[in-house]
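One letter stands for each residue in the lines below.
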Amino acid sequence: MLTKKQYELLLFINERLKETGVSPSFDEMKEALNLKSKSGIHRLITALEERGFIKRLAHRARALEVVKLPDTMASSMSAPARHSPAVPQAANDDSAVSISVMGRIAAGTPIEALQEEVNQISVPIEMMRSGEHYALEIHGDSMIDAGIFDGDTAIIQNGDTAENGEIVVALVEGHEATLKRLRRKGEMIALEAANPAYETRIFRSDQVRVQGRLVGLMRKY
């Protein structure tokens with residue numbers, strides 16, 4: 001049996017998915033349920049998942065699926081709808097969310113791009129920005145002067161744009177992914193290492209596609 005707030009949140013998520021195909025943001029859920037903090041939303045999402053009403057979609061970071069509805073919701077469901085990013089999957093504590101680890105990325109010579117989820121990692125909320133996020137395991141030492149070491153886990157804000165000087169996930173010629181600092185020079189793009197042992201690589205703009213921006217690092221000691 002659901003509590004009143006659990007019921008209201010499930011109703012809101014279900015209607016948003018029906019209207020737009022994406023889940024409401026934490027702020028929108030907090031506003032809709034008249035809660036004072038996002039931690040309450042995290043607890044409600046976790047409770048709904050544990051009871052089998054929602055689940056996180058595989059290979060789609062920050063997305064929820066309504067698995068089932070209480071019988072009492074079948075005939076009368078209504079909620080406001082606005083387009084917004086999909087919501088993060090709640091982790092076990094209220095200060096973190098789980099995001100997909102999409103494999104390894106080279107901080108050195110580019111390696112084949114990986115597209116499928118390897119596992120999940122719990123990330124502090126304060127490390128996240130707006131929009132979708134995913135994680136990549138760092139392989140190589142070409143970014144050590146930027147504080148990025150072999151074995152680190154990079155937290156990436158998904159997106160296809162970046163400012164000059166930002167560290168990005170760059171897809172090179174459609175099949176190789178690397179983590180480098182991006183510089184635009186006219187119609188050319190430079191992917192700069194942060195290690196003097198590695199050369200800057202220059203490509204035409206149509207040879208490089210940004211797949212996200214680095215927003216945080218996690219490291220095991």
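Residues numbered from 1 in each chain as written. Predicted model: local features only at pLDDT ≥ 70, side-chain atom pairs only at ≥ 80, totals over all residues. Heavy atoms only, no water.

(A) Summary view of the overall build of the protein chain. Of regular secondary structure, the protein chain possesses three helices and 13 strands. Here the protein chain holds 221 residues, and 48% of them are scored as buried. Accessible surface computed for the protein chain: about 11500 Å², of which carbon and sulfur atoms make up 48%. (Helix = DSSP H or I, 4+ residues; strand = E, 2+ residues; numbered from the N terminus. Buried < 20%, exposed > 50% of the residue type's maximum accessible area, 1.4 Å probe, protein only. Areas by Shrake-Rupley, 256 points an atom, 1.4 Å probe, with all protein chains shown as cover.)

(B) Spotlight on the pattern of salt bridges. One pass over the full model with this rule turns up nine salt bridges. One salt bridge in this structure joins Arg 16 and Glu 28, with 3.1 Å as the shortest N-O distance. Of this pair, Arg 16 sits in helix H1 (residues 4-20) while Glu 28 sits in helix H2 (residues 26-33), placing them twelve residues apart in sequence. In this structure Arg 16 comes out as buried when scored by relative accessible area, which is 0%. One salt bridge in this structure joins Asp 152 and Arg 219, with 2.7 Å as the shortest N-O distance. In this pair, Asp 152 is assigned in the loop between strand S7 (133-139) and strand S8 (153-158) and Arg 219 in the segment after strand S13 (208-218), connecting sequence segments 67 residues apart. Using a relative accessible area of 35% as the deciding quantity, one classes Arg 219 as partly exposed. (Salt bridge = Lys/Arg side-chain N within 4 Å of Asp/Glu carboxyl O.)

(C) Layout of the packing of H1 against helix H3 (residues 38-50). The N-to-C vectors of H1 and H3 enclose an angle of 85°; their axes lie 10 Å apart at closest approach. Between H1 and H3, the crossing angle belongs to the class labelled roughly perpendicular. Contacts between H1 and H3 involve Lys 5, Gln 6, Leu 9 and Leu 10 on the former and, on the latter, Ile 41, Leu 44, Ile 45, Ala 47 and Leu 48. Broken down by class, the residue content of the contact of H1 with H3 amounts to seven nonpolar, one polar and one charged. (Axes fitted to C-alpha atoms, helices over the stretch in contact; angles between N-to-C directions. Parallel < 35°, antiparallel > 145°, perpendicular 65-115°, else oblique. Contact = heavy atoms within 4.5 Å. Nonpolar A, V, L, I, M, F, W, Y, C, P; charged D, E, K, R; others polar.)

(D) Spotlight on the nonpolar core. Counting 17 residues, the largest nonpolar core has Ile 105, Leu 136, Ile 138, Ile 148, Ile 156, Val 169 and Leu 179 as its most contacted members. Among the secondary structure elements, those contributing two or more residues to this core are strand S4 (96-106), S7, S8, strand S9 (167-172) and strand S10 (176-185). The contacts of Ile 148, once residues within four sequence positions are left out, are Ile 138, Met 143, Ile 167, Leu 179, Leu 214, Leu 217 and Arg 219. Core analysis: the next-biggest nonpolar cluster, separate from the first, contains 15 residues, Ile 13, Leu 48, Phe 53 and Leu 64 among them. (Core = buried A, V, L, I, M, F, W, Y, C linked by side-chain atoms within 4.5 Å.)

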